[in-house]
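Spelled out, the chains give:
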Amino acid sequence: MIPIDEVPDPVFAQRMVGDGVSLDPISNSLLAPCAGRIVQLHPSGHAVTLLSAEGIEVLMHIGLDTVQLKGQGFTARAAVGHQVNAGDPLIDFDAEYVATHAKSLLTPILITSLERVKAMTPAQGTVTAGADTILELTLVTAPRGRGPSIGDAVTSGPLVISNASGLHARPAAMLASRAKQFNAEVKLRRRADEVNARSVVSIMGLEINRGDSIEIVATGAEAADAVAALSQLVGEGLGEAQDVTTPARSTASEVPGAAARSEDPHLLAGIPASPGIVVGNTFQVRHDELRVVEDANDPRVERKALDAALDRAKAELDVLQARLEGEGAGGKAAIFAAHRELLDDPDLLTIAAGAIEQGKSAAFGWQTAFVQHAERLSMLKNELLAARANDLHDVGRRVLQKLTGVEAAPRQYPTETILVAEELAPSDTATLNPAQVLGLCSTAGGASSHVAILARSLDVPLVVGIDTRALDLPDGTPVILDGTKGTLRVNPSTADIARIHQVQDEQAHRRLADQAHTHEPATTLDGHRIEVAANIGGVADAEQGLALGAEAVGLLRSEFLFLHRATPPTEAEQQAVYTDVARALGRERRLIIRTLDVGGDKPLPYLPLPREDNPFLGERGIRVSLNRPELLRAQLRAILGAAREGRVSVMFPMIATLDEWRAARRILEEERQRLGVPPIEAGIMVEVASAALMADHFAREVDFFSIGTNDLTQYTLAMDRGHPRLAPHVDGLSPAVLRLIDMTVRAGRTHGKWTGICGGLAGDPQAVPLLVGLGVDELSVSVPAIPAVKAQIRRLRLSDCRALADAALGCASVAEVRALVLRLVPLDAPS
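A few points on the structure. All of these numbers come straight from a predicted model, not from anything done at the bench. (Residues numbered from 1 in each chain as written. Predicted model: local features only at pLDDT ≥ 70, side-chain atom pairs only at ≥ 80, totals over all residues. Heavy atoms only, no water.)

1. Digging into the overall build of the chain
Counting its secondary structure elements, the chain contains 27 helices and 34 strands. When burial is assessed residue by residue, the chain has 51% of its 831 residues classed as buried. Residue pairs at least 24 apart in sequence account for 69% of intrachain contacts in the chain once pairs closer than 6 positions are excluded. Accessible surface, the chain as shown: approximately 35,800 Å² in total, 51% of it carbon and sulfur. (Helix = DSSP H or I, 4+ residues; strand = E, 2+ residues; numbered from the N terminus. Buried < 20%, exposed > 50% of the residue type's maximum accessible area, 1.4 Å probe, protein only. Contact = heavy atoms within 4.5 Å. Areas by Shrake-Rupley, 256 points an atom, 1.4 Å probe, with all protein chains shown as cover.)

2. A few points about the pattern of salt bridges
Scanning the entire structure with this criterion turns up 29 salt bridges. Of the charged contacts, one joins Arg-469 and Asp-467 as a salt bridge, the two residues approaching to 2.9 Å between their closest N and O atoms. Given a relative accessible area of 25%, Arg-469 falls into the partly exposed group. Across the pair Asp-731 and Arg-818 runs a salt bridge whose closest N-O atoms are separated by 2.9 Å. With Asp-731 in the loop between helix H22 (709–717) and helix H23 (735–750) and Arg-818 in helix H27 (residues 814–824), the pair connects residues that are 87 residues apart, well separated along the chain. Salt bridges here are not isolated pairs; linked through shared partners, they connect Glu-571, Arg-633, Arg-637, Glu-670, Glu-671 and Arg-674. (Salt bridge = Lys/Arg side-chain N within 4 Å of Asp/Glu carboxyl O.)

3. Quick notes on the packing of aromatic side chains
For any pair of aromatic rings, geometry is given as the distance between the ring centres together with the angle between the planes. Counted according to the given criterion, the structure contains 4 aromatic pairs. Taking the centre distance of 5.2 Å and the plane angle of 80° together, the rings of Phe-283 and Tyr-413 count as edge-to-face. On the criterion of sequence distance, the pair formed by Phe-283 in strand S20 (residues 277–285) and Tyr-413 in the loop between helix H11 (389–404) and strand S21 (417–421) is long-range, its members being 130 residues apart. The class of Phe-283 is partly exposed, set by a relative accessible area of 22%. Residue Tyr-413 is classed as buried on the basis of its relative accessible area of 10%. Ring geometry for Phe-652 against Trp-661: centres 6.2 Å apart, planes inclined by 65°, an arrangement best described as edge-to-face. For the pair Phe-652 and Trp-661, a shared accessibility class is recorded, and that class is buried. (Phe/Tyr/Trp six-rings, centres within 6.5 Å; stacked < 30°, edge-to-face > 60°.)

4. Re the side chain of Thr-477
Following the sequence through the fold, Thr-477 ends up in the loop between strand S23 (462–464) and strand S24 (478–482). At a separation of 2.7 Å, a polar atom in the side chain of Thr-477 contacts the main-chain carbonyl oxygen of Pro-474. Apart from residues lying up to four places away in sequence, Thr-477 is in contact with Gly-280, Asn-281, Thr-282, Val-490 and Asn-491. (Polar contact = N/O pair within 3.5 Å; in protein donor to acceptor, adjacent residues only side chain to side chain.)

5. Examining the environment of Thr-523
Relative to the elements of secondary structure, Thr-523 occurs in strand S26 (residues 522–523). Once the C-alpha coordinates of Thr-523 and Arg-794 are considered, the two residues, 271 residues apart in sequence, prove to be 5.2 Å apart. Once residues lying within four places of it in the same chain are set aside, the contact partners of Thr-523 are His-528, Arg-529, Ile-793 and Arg-794.

6. Focus: the sheet that holds strand S2 (residues 19–23)
Pairing within the open sheet is antiparallel, and its 7 strands lie in the order S1-S2-S10-S6-S5-S4-S8. The sheet is open, and its two borders are formed by strand S1 (2–3) and strand S8 (83–84), each paired with just one other strand. As paired strands, strand S4 (residues 36–41) and S8 are joined by 2 bridges and run antiparallel to one another. Along S8, the bridge assignment pairs Arg-37 with Gln-83. (Pairing = 2+ DSSP bridges.)

7. Regarding the pairing of strand S33 (residues 754–757)
Residue alternation in S33 divides its side chains into two sets, Trp-754 and Gly-756 and Thr-755 and Ile-757, and both sets are buried. In the sheet, strand S32 (residues 704–707) pairs with S33 via 4 bridges, with the strands oriented parallel. Note on S33: the bridge partner recorded for Phe-704 is Trp-754. Here 2 bridges tie S33 to strand S34 (residues 778–782), and the two strands are oriented parallel to one another. Each residue of the ladder has a partner; that of Gly-756, found in S34, is Glu-778. Handedness of the crossover joining S33 and S34 through helix H24 (residues 768–774) is recorded here as right-handed. (Right-handed = clockwise from strand over helix to strand, strands pointing away.)

8. Concerning the environment of Glu-96
In this structure, Glu-96 sits in helix H2 (residues 95–101). Looking at Glu-96, the relative accessible area reads 65%, which means it is exposed. For Glu-96 and Gly-73, which are 23 residues apart along the polypeptide, the C-alpha to C-alpha distance reads 8.9 Å.

9. Regarding the nonpolar core
Judged by nonpolar contacts, the single largest core of 123 residues is most densely connected at Leu-90, Phe-652, Ile-741 and Leu-779. What Leu-779 contacts, discounting residues up to four positions off in sequence, is Ile-530, Glu-531, Val-532, Ala-533, Ile-757, Ala-762, Val-768, Leu-771, Val-789 and Ile-793. In terms of nonpolar packing, the next biggest core, distinct from the first, is built from 40 residues, Leu-110, Leu-167, Leu-175 and Val-227 among them. (Core = buried A, V, L, I, M, F, W, Y, C linked by side-chain atoms within 4.5 Å.)

10. Things to note about the packing of helix H26 (residues 798–809) against H27
In contact at an axis separation of 10 Å, H26 and H27 are set at 155° when each is read in the N-to-C sense. Viewed along their axes, H26 and H27 adopt a mutual orientation that is roughly antiparallel. Handedness of the crossing formed by H26 with H27: right-handed. Residue-level inspection shows Leu-804, Ala-807 and Ala-808 of H26 in contact with H27, the latter providing Val-817, Leu-820, Val-821 and Leu-824. Considered class by class, the residues forming the contact of H26 with H27 number 7 nonpolar, no polar and no charged. (Axes fitted to C-alpha atoms, helices over the stretch in contact; angles between N-to-C directions. Parallel < 35°, antiparallel > 145°, perpendicular 65-115°, else oblique. Left-handed = near helix turned anticlockwise from the far one by under 90°. Nonpolar A, V, L, I, M, F, W, Y, C, P; charged D, E, K, R; others polar.)

Structure, rendered in structure tokens:
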């Protein structure tokens, strides 16, 4: 027995839902605490309410924040309407799963009809479910509530629920608690259903989901005040972080922060998303509007039609995924594995099924579901998550085509085409014929979108957020697309085109020369060697990296094992993959494995994380792992096991304090001793300013530093690198960032520790001479960039690079730094 005051959730501890007790269960079955009738069973299976013969409502809520598990780990043993006796099983639950995936297993048992209770006496200590008394109630002879209110009804306008899990216990309690403060009779209405807004159980019984529209209706002396206060409370999310919803999909021209227009009327500006420069002719991509009939006659027929369309869409995605995997494109295949996962999303299916039950067609229900969710995603502040709205539109349209009988034929384009669109879909991009399509640009989308990832993997230039005037260009308009600078030049002159063709020829010859010498070491003209390693996401990347001359793996992103699945990978699964990569590299090449790097901005379905207003400053990186030590221990055991097969090191992400590093290192050492294996190198990623500023202290304890320049830059400059307007200013060659790199390298050298760079700066031709001059020992780059980076280093002199670095540290701006590089160290590769 745990006093309700000690439950680590204010909604329960402050008795917003009701008053009662809490249990810390040591069994895995919730039993009825008294006889009664089941009046509510939450769709997620984690909460149940029964009504006793005396009219007492008893709410039982297994665990805290367990609504986020969406039913995983719970099995209902009773149903709404069933009569049960004390001790009858109500819900079985997987105690181990719930304990490791939710905030807590503490189970509040609450009396929600407190107007019937005069006093209550809870038990203490250890009790046995179904046998011992846990709570004694003294009832009043008549309800103490106010009499019926009179007067005209006051009704709010439609209020859209923005809570991620709808009106579950917490937001329902907030609403009911506030409603009780007014001298008014308050009802909550959804379509034809209307319930007492003071009753948590009644509110939850409506099963109100995110995106549902409700109204507040009140009568009595304080009706207007009640409606105003409750409407505001609903609008603010009822105490939970909101999923911002928009009634209509934003167009690119409406998106705040779109790229500023160029002063040159022939030059349209956007955001670079995939590098390269090409000359071609525009072709406008426009998806035909699918005609959807709203109403239907037979819900059973419509449900069968939806199931059949979903099955066909899944089959198509399976074929596409298998083809990409067969081509060795595992990263691209994973995108469509995620698309397939979306087709089983319970929230989408619930919305579609609800519409069908209300007499709507399958097409209308499905369209409502995916458009509604995509709109919410598109308005999120986190650019990475907002970019996933495009995936929902893509997979949603795939199913809708099946339901409307409009099958999309494979698109054919003229040769030398530059595709222009409001927004491109991943399925469009993955099936492009590179003999026809040379480049892509869109008015919407982001540099972190799956379309951008696919474009980079295909080596196709892409500009996103392009000036909306691009949509007005007639098909066949000659253009120059520069995916490196993020521009589209319209109607270029003959001289412009000739210059670009010359640049392309020079780049092609340079690439061939670089690849011919790619297995030679990256040694400067005066004999200083830099290790050039690969950033990878799996065995296929490792093999490709070796073929292109990688001397090590400076970053294995272990997230690829954890993404696009319903459960975390087992220790054996992880060890098998890490071992395969280590064997591919051989015993001489180093393999650095970064532990799981996720957070509120990139969550996993089986890893519930708190919703945060600013996930970049919240629980992410090592903080997630330290707060879930069993997850970290399993991964570290897998890494230690793989170390038997190669030169394996471990790296911890987002380390900000010495305490975080020491906690991670302690767990690593405990698991190493349990396994009885030799020690391995352990280092940290320097991604926040505090790590760089404290580098002299860290250097006494870590084995190496790896600087993640992408995050280090945006944290140092307080700019989101995915923001449409700020992105051009998020530059790792900022003197502030260079000084932090310099501090880290110097601290490492003082204590005999090496320093590498694993962020995007390591592959920037203008940054490489500076990093060499600052004393960086290793550059870990994307696999395709390896030959060019090694070739560039072989054309440099260490003495020149050091002089350049010293001068750059004294610069006042990024522009000064880049001008300095171009002036003092000529770059052979054209920018």
